[in-house]
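Geometric and topological summary
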Amino acid sequence: MAPRVVEPDHESLSIVVLGDFNPSIFQPLWFSANNLIPQEEAESAEIFLIHKQVAVFSMGKIQVQVDESRLGLTIVESSQGPILRDLAMGTLSILEHTPLKAIGLNVDTVFVMQSEEDWHAVGHRMVPKQDWTQILDSPGMQQVVVEGKRPDCRADRIHIRVQPSGNPNVQVAINQHYQLETKERTDARERHREAIRVLRDDWTSFTSFAHDAASKVLQFGQHTEGTWHHT
Amino acid sequence: MASHMSSTIVETSSRVADSELDLQTHGMRTDDWVWPDIEPNQWSTGEGETTSGGTGTPPSQEATRTTVQCIPRNVSAPVRKDHLTIRPPDTRVKLLQQWECVISRVHEDFVECEMHDLTNDSQPVEQADVYIDEFNHFDRALLQEGAVFYWSIGHETRKTGQVRRYSELRVRRMPRLSNLRKREISRKAEQLCELLQNKGK
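My aim in this report is to walk through the structure given alongside it, one point at a time. (Residues numbered from 1 in each chain as written. Chains lettered and ligands numbered in written order. Predicted model: local features only at pLDDT ≥ 70, side-chain atom pairs only at ≥ 80, totals over all residues. Heavy atoms only, no water.)

Details of the side chain of Gln171(A)
All names here are of chain A. Along the chain, Gln 171 turns up in strand β9 (residues 169-179). Accessibility expressed as a relative area gives 2% for Gln 171, which makes it buried. A polar atom in the side chain of Gln 171 sits 3.5 Å from the side chain of Asp 108. (Helix = DSSP H or I, 4+ residues; strand = E, 2+ residues; numbered from the N terminus. Buried < 20%, exposed > 50% of the residue type's maximum accessible area, 1.4 Å probe, protein only. Polar contact = N/O pair within 3.5 Å; in protein donor to acceptor, adjacent residues only side chain to side chain.)

What to know about the pattern of salt bridges
Residues and elements named next belong to chain A. Applying the stated criterion across every chain, the model contains 17 salt bridges over all chains. Between Asp 86 and Arg 85 there is a salt bridge, and its shortest N-O distance comes to 3.1 Å. On the basis of relative accessible area, Asp 86 is assigned to the buried category, the value being 3%. Arg 197 is paired through a salt bridge with Glu 194; the nearest N and O atoms lie 3.1 Å apart. Here Glu 194 and Arg 197 lie together in helix α5 (residues 188-219), a separation of three residues that amounts to about one turn. (Salt bridge = Lys/Arg side-chain N within 4 Å of Asp/Glu carboxyl O.)

Focus: the sheet that holds strand β5 (residues 70-75) of chain A
All names here are of chain A. In space, the nine strands of this open sheet follow the order β2-β3-β4-β5-β1-β6-β9-β8-β7, with antiparallel pairing throughout. Each edge of the open sheet is held by one strand with a lone partner, namely β2 (46-50) and β7 (144-148). Ignoring which end each strand starts from, the neighbouring axes of this sheet average 15 degrees apart. The pairing of strand β3 (residues 54-59) with strand β4 (residues 62-67) spans six bridges and is classified as antiparallel. The partner of Ser 58 across the bridge, within β4, is Gln 63. Across the sheet, α5 touches β1 (8-19), β6 (100-112), β8 (157-164) and β9, and the angle it forms with β6 is around 20 degrees. (Pairing = 2+ DSSP bridges. Axes fitted to C-alpha atoms, helices over the stretch in contact; angles between N-to-C directions. Contact = heavy atoms within 4.5 Å.)

Quick notes on the sheet that holds strand β6 (residues 110-117) of chain B
Strand order in the open sheet made by the five strands is β7-β6-β5-β8-β9 (chain B), with antiparallel pairing throughout. Two strands bound the open sheet, and with one partner strand each, they are β7 (126-131) and β9 (163-171) of chain B. In this sheet, adjacent strand axes meet at a mean angle of 35 degrees when their direction is disregarded. Note: strand β5 (residues 91-106) of chain B against β6(B), seven bridges, orientation antiparallel. For Ile103(B), the partnering residue across the bridge sits in β6(B) and is Cys113(B). Lying on the sheet, helix α3 (residues 81-94) of chain A is in contact with β5, β8 (148-158) and β9 of chain B; it crosses β8(B) at an angle near 130 degrees.

Next up, the structure:
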């Protein structure tokens, strides 16, 4: 039986930038002093940890995680997508001398399946069990990652990861990755410009693509009843 | 296939998910731990101390001294990076429609704006008047001609199951331009002007 389509239960959007960062400068007041968030949100920010190796805090609905090689900005409410994109653009504009290596756009969606049977059906569709049962008892899918590209998109690769997220939840995580540090792009300012371009030009189409893709992943086999067996 | 996956999966992916899978028996690297900073006066020295003034010594200087091992006190336990994951939301918002609005005119108690549909870009541009009272207090100072704000509407569901209509206006914020950037923009504008003037001749 093919899994029945369900509405997403919740999702998070994040922008991850790889580079050489100084986590200790990332503090809520730094963001408000640079006009990136309202001062009121900076003052009421919830700080989890600020340290020379890592900074973790939330300002308003945005959660910030920075370590020496990675800056991650996340929201857990899709309505905040444009705000997240603007914050990332503003932050990178200020950090124009920070060497950047890569940027990734992410949408992670959790679906609650209608039944345990539907939950298993997703795994069976992704990883048919006939062959695995010859090797293992009760084989179960832990994670599937598929890599590909999108037409008319300059991203280096797209990863779609599907995994169980507790019973009966299924998580679909989509990552659109751009390598900024390449042989052709040696100038740090050029990499910055490309990162800003990605955020300005590709964010909206990426989120639309990701929403469609996540739903389609769960609809695989919707019209062609499978032949696999329930384990 | 397995090595291909493991070499590329980490990079710019989010770390949101991380269900029980990540908590299993994966090896832990030493750099997975973060030790909170320790202020000098948080260090105490044991018997045999030769320093004076009560100032302790951080561990990095310890090797150069002949005192006994310094013992940190009032220091938080180390935090594992994997534990710094994204927290789930308290409420769930189902977004029905979202617009990017460009302010065309500001009046005493409302703004006129052009609304561009972000949820369906095939929709035509619409005009609207929005009361200034609808904006957050901290956003009102930013309302001026050309400013952009986002208008989101949907349904918000709380953990208790309570559902209510959701509407939010947020004004776009961008950093102030640096003098260098301003000069770059002026130079580009001048170049464009020259180009257009030359074309007109």
